[in-house]
Amino acid sequence: MSINITVAKTAGFCFGVKNAMTQAEKLAENGGGYTLGQLIHNPFAIKELEKKGVFAIDTLDEAKDGKTVIIRSHGVGQAVYDELKRQNIPYIDATCPKVVKIHKIVEEESAKGANVLIAGDPNHPEVKGIMGHCHKNVKVWVVNSLDDIESLVKNEKSFVHNALIFLSQTTGKLSKWIEYKKIVKKHCTNLKIFDTICKATTCRQTEAEDLASKCDLMIVVGGRESSNTAKLADISKKYCKTFFTESAEALPVAEIKAVLSDLAKKSSDINIGITAGASTPYGIIKEVHRFMSEITKNDEMDIDFMAEVDKTFKRVYIGNRVKAYVVAVNNTEAIVDIGTKHSGYIPADELTATPGLLPKDVVKPGDEIECVVTNINDQDGIVYLSKKRVDAAAGLEKLADACNNNTTVTGIVTSVVKGGVIVTCEGSRVFVPASHTGVSRGRRGDQPENPEELAKKLETLLKKEVKLKIIEVSEGRGKVVGSIKNAAKEESDALKEKFWSEIEVGKKYVGEVKSMESYGVFVDLGGVDGMVHSSELTWNRIKHPKEVVSVGDKLEVYVKSYDPEKKRVSLGAKNPDDNPWTKFLAEFAVGDVVKVQVVSITPFGAFAQIIPGVDGLIHISQISLDRVTNVAQYLTVGQVVEAKITEVDEEKSRVSLSIKELLEESAGDEEEAAEEETEGTEEAAE
Ligand code: SF4
């Protein structure tokens, strides 16, 4: 006869319980404290915790000594958080992230006015906690049978007509939930259903069903108070003889032997299955397995039972790459579930290569991430992992691709080292030599570089996001070298090429004034500089560009001409709408007498401003009725005189002025007046 014992892979702690237990172990190491209610439904685990100084309390009034209280994975209602704050009690929230999600759902939906229907045990702490997050203005019902739902349909009008959300206790039985949904859907039209049965629970139930269907006898291990363990026993009973036990010692040996003896009469192969609820410690499952192997031992069997049971548990080894589910995150580490019996930890410095980030900046509960196992402590059931190393390995591949394909990557400058900087990029460290950073080295001639000055310049890059080219990847040594300068050059070349392909006379740009000379300014048009001559900066007469612009100013310019061969662009910045010549032509004409201000003296005459931007020439011959040989003897700069517009050359934008013509006219008028006066006197004498 052969007897096979199989332990369900999903037997034992789920990650929510595992996290709560881990928090309790830590609390025990730090002087002990309390759990609000029993942490898990398992009397043996509770006793173990008490031995270590972690006690279950029923109310917060029992936590008066300042010690920390753990909120268990079932979660609590909002009132408990309020009370913790009011009494200033330190606490660790070990509510399972999946339960937290349900709290958020009921908070949001009930705040919008939806009534809440919960499938579950009204006395279960998780259900009470969920109820404690519903808005006080809505109705909340808990149903635990089809009759409960039928009764609501008959007796509660608002159940059928109002907006309703329907969800389940996380450890609810899947088959029951499916039935419940059918009937609620039939009656309630304004309904939203949230499938909140935990995957850990459904997987455990499905595996229990599968195992029980192949076995002749099932042992279900867990606390009598544990609803999910009771459900496993219910499932198993449908298929074979099932024993529900809290421990190996509690197994009814005589009864089991009698069952085995009956089975042996029918078959030479007997299959025994063992499963356990979410709150059953690994040690108790092992004990039950050991016990069962002892009572089923016979001479024909030579089985290493512990080896067999170990086979049914997923093993991990240092260097294994595993998928991890983030259960909780604190300031020093992330706690993860890797699908084994171990508690997984990723210390903060193994989460990311980017310095200064907290674990919460990198992962959040519910994330699924890839990690590598770095250390295992089987005795304590702890595994240490690194996400950083997996990221770095994947990053190294990406960087190698970037190197081969000459693509640009982005990273953050994280430190200055001898001879360059380190850029964290794709989870890897990339060394950028100083000569490739793009900072100006400031070396004069053959003079050696001052290392301190260079370091100061490199520090200006710290924490900046930079684009870089990967110029070397040595995968064996994990060494990667990059160049910020090469990436910048490629970008600048691309900009230049685009510029030259799109440039045309008259095209407008807004550019930054990069430098200034006495004859004009150079403007950056986006990778290419153009020159604006002083005479093209303003319609007014200026002596130096600094009178109208400064380096760094943004300037609207247009292309006057360009030479792609010589890479030269000549720009103008004067707005045609402000052209003073147009204004002059509209307002003045030949023959007009204008008041002008002398702006310059030359050997051949004087220039005088008619309006800003339009000067006229008073030729030396037009200054006086006398013969003028030295202009300065008659006119000075700044002097305001009256002159007549004698000629306008629109083509050359030139204006001729004459003072002399005005003087002649005035002399003629005086003569005429004198003659008229003389004639008048003579007439009177006659
Ligand atoms: Fe969380 Fe699921 Fe475990 Fe409940 S059964 S504590 S929801 S992981």
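One can find the structure itself at the top, above this paragraph.
Residues numbered from 1 in each chain as written. Predicted model: local features only at pLDDT ≥ 70, side-chain atom pairs only at ≥ 80, totals over all residues. Heavy atoms only, no water.

### Quick word on the packing of aromatic side chains
Let me state the cut-off plainly: Working definition: rings of Phe, Tyr and Trp (its six-membered ring) pair if their centres are within 6.5 Å, and the pair is stacked with planes under 30 degrees apart, edge-to-face with planes over 60 apart, and tilted otherwise. Working definition: helices are DSSP H or I runs of at least four residues, strands are E runs of at least two. Numbering for both runs from the N terminus. Accessible area is worked out with a 1.4 Å probe on protein chains only. A residue is then buried under 20% of its type maximum, exposed over 50%, and partly exposed in between. Only when the NZ of Lys or the CZ of Arg is both within 6 Å of the ring centre and within 35 degrees of the ring normal is a charge said to sit over the ring.
Inspection of the entire model under this criterion finds 9 aromatic pairs. Aromatic pair W141 and F159: ring centres 5.4 Å apart, planes at 85°, arrangement edge-to-face. Of this pair, W141 sits in strand β7 (residues 140-143) while F159 sits in helix α7 (residues 157-161); the two residues are 18 residues apart in sequence, bridging distant segments of the chain. Note on F604 and F607: the rings are 6.3 Å apart at their centroids and 90° apart in plane angle, and the pair reads as edge-to-face. According to the relative accessible area criterion, F604 is partly exposed, its value standing at 39%. Here F607 falls in the partly exposed class, since its relative accessible area comes to 25%. One aromatic cluster in this structure is built from F499, W500 and Y509. In this structure, R224 packs its charged tip against the face of F244, placed 4.5 Å from the ring centre. The ring of F243 carries K241 above its face, with NZ or CZ at 5.3 Å from the centroid.

### Considerations on the site of the ligand
As a reminder, the rule being used: Being near a molecule or strand, for a residue, comes down to having at least one heavy atom within 4 Å of it. The pocket and cavity definitions rest on a 1 Å grid over protein atoms only: a 1.4 Å probe that fits but cannot leave marks a cavity, an open set with protein on both sides within 12 Å along at least five of seven lines marks a pocket, and residues lining either have an atom within 4 Å of a point. Grid points define the cavity or pocket, and a molecule sits in it when more than half of its atoms lie within 2 Å of them. The classification used treats Ala, Val, Leu, Ile, Met, Phe, Trp, Tyr, Cys and Pro as nonpolar, Asp, Glu, Lys and Arg as charged, and all other residues, Gly among them, as polar.
Surveying the vicinity of the ligand reveals the residues C14, G16, C96, K98, T170, C198 and T201. Using a 2 Å cut-off from the grid points, one finds that the ligand occupies the largest cavity. Of the residues assigned to the shell around the ligand, the class counts are 3 nonpolar, 3 polar and 1 charged.

### Details of the sheet that holds strand β10 (residues 217-221)
Spelled out, the test is: Only strands that DSSP links by at least two bridges are regarded as paired with each other. Angles shown run from 0 to 180 degrees and are taken between the N-to-C directions of axes, each axis being a line fitted to C-alpha atoms and, for helices, limited to the stretch in contact.
Sheet architecture is open: 4 strands sit in the order β1-β12-β10-β11, paired in parallel fashion. Only two strands of the sheet have a single partner each, and these edge strands are β1 (2-7) and β11 (241-245). For this sheet, the mean inter-axis angle between neighbouring strands, taken without regard to orientation, is 20°. Two elements, β10 and strand β12 (residues 269-276), share 5 bridges in a ladder whose sense is parallel. Residue pairing across strands places M218 opposite G273, the latter belonging to β12.

### Thoughts on the pattern of salt bridges
When charged atoms on two side chains of opposite charge get close, those side chains can pair. Our working rule: Whenever a carboxyl oxygen of Asp or Glu lies within 4 Å of a side-chain nitrogen of Lys or Arg, that contact is scored as a salt bridge.
In this structure the tally under the stated criterion is 28 salt bridges. Here E179 and K182 are joined by a salt bridge, their closest N and O atoms 3.6 Å apart. On the criterion of helical spacing, the pair formed by E179 and K182 is a turn pair, its members being 3 residues apart in helix α8 (residues 174-187). On the basis of relative accessibility, which here comes to 37%, the residue E179 falls in the partly exposed class. On the basis of relative accessible area, K182 is assigned to the exposed category, the value being 51%. The closest approach of N and O atoms between D493 and K489, which form a salt bridge, is 2.8 Å. Here D493 and its partner K489 are both found in helix α17 (residues 484-502), 4 residues apart, which amounts to about one turn of the helix. When its relative accessible area of 34% is taken as the criterion, D493 is described as partly exposed. Salt bridges linked by common partners bring E109, K112 and K192 together as one network.

### Things to note about empty space enclosed by the protein
Over the atoms, a rolling probe the size of a water molecule traces out where space has been left empty. What counts is decided by this rule: Grid points are joined across faces, edges and corners, and a volume is the space filled by probe spheres set on the points.
This model, assessed by the stated rule, comprises 3 cavities of 30 Å³ or more. Reported here for the largest cavity is a volume of approximately 290 Å³. Taken together, 24 residues form the lining of the largest cavity, with C14, V17, S73, T170 and T171 sitting closest to its centre. Counting only elements with at least two residues in the lining of the largest cavity, the list comes to α1 (15-29), α9 (199-214) and α10 (227-237). Residue composition of the lining of the largest cavity, by class: 10 nonpolar, 12 polar and 2 charged.

### A look at the nonpolar core
For clarity, the threshold we go by: Here, nonpolar core means buried Ala, Val, Leu, Ile, Met, Phe, Trp, Tyr and Cys residues that are tied together by side-chain atoms lying within 4.5 Å of each other. Any two residues whose heavy atoms approach within 4.5 Å are treated as being in contact.
The biggest cluster of nonpolar side chains holds 29 residues, and the ones touching the most others in it are L217, I219, I256, I272, I274, V288 and M292. Of the residues forming this core, the biggest block, 5 residues, is contributed by helix α12 (residues 282-295). With near-sequence residues (within four places) excluded, M292 lies in contact with I5, L217, I219, L251, I256, I272 and I274. Membership of the second largest hydrophobic core comes to 22 residues, among which are V614, I620, I623 and V641.

### A closer look at the environment of G613
By the element assignment, G613 lies in the loop between β29 (605-611) and β30 (614-619). Looking at G613, the relative accessible area reads 34%, which means it is partly exposed. The spacing of G613 and F584 is 29 residues in sequence and 9.3 Å in space, taken between C-alpha atoms. Once residues within four sequence positions are removed from consideration, G613 is found in contact with W539, N540 and P580.

### Brief notes about the pairing of strand β28 (residues 593-602)
Note: β28 against strand β31 (residues 640-649), 5 bridges, orientation antiparallel. Following the sheet pairing, V596 is matched in β31 by V641. Here 5 bridges tie β28 to β29, and the two strands are oriented antiparallel to one another. Opposite T602, over in β29, you have G605 as the bridge partner. Taken together, β28 and the strand that follows it, β29, pair antiparallel across an intervening segment of 2 residues.

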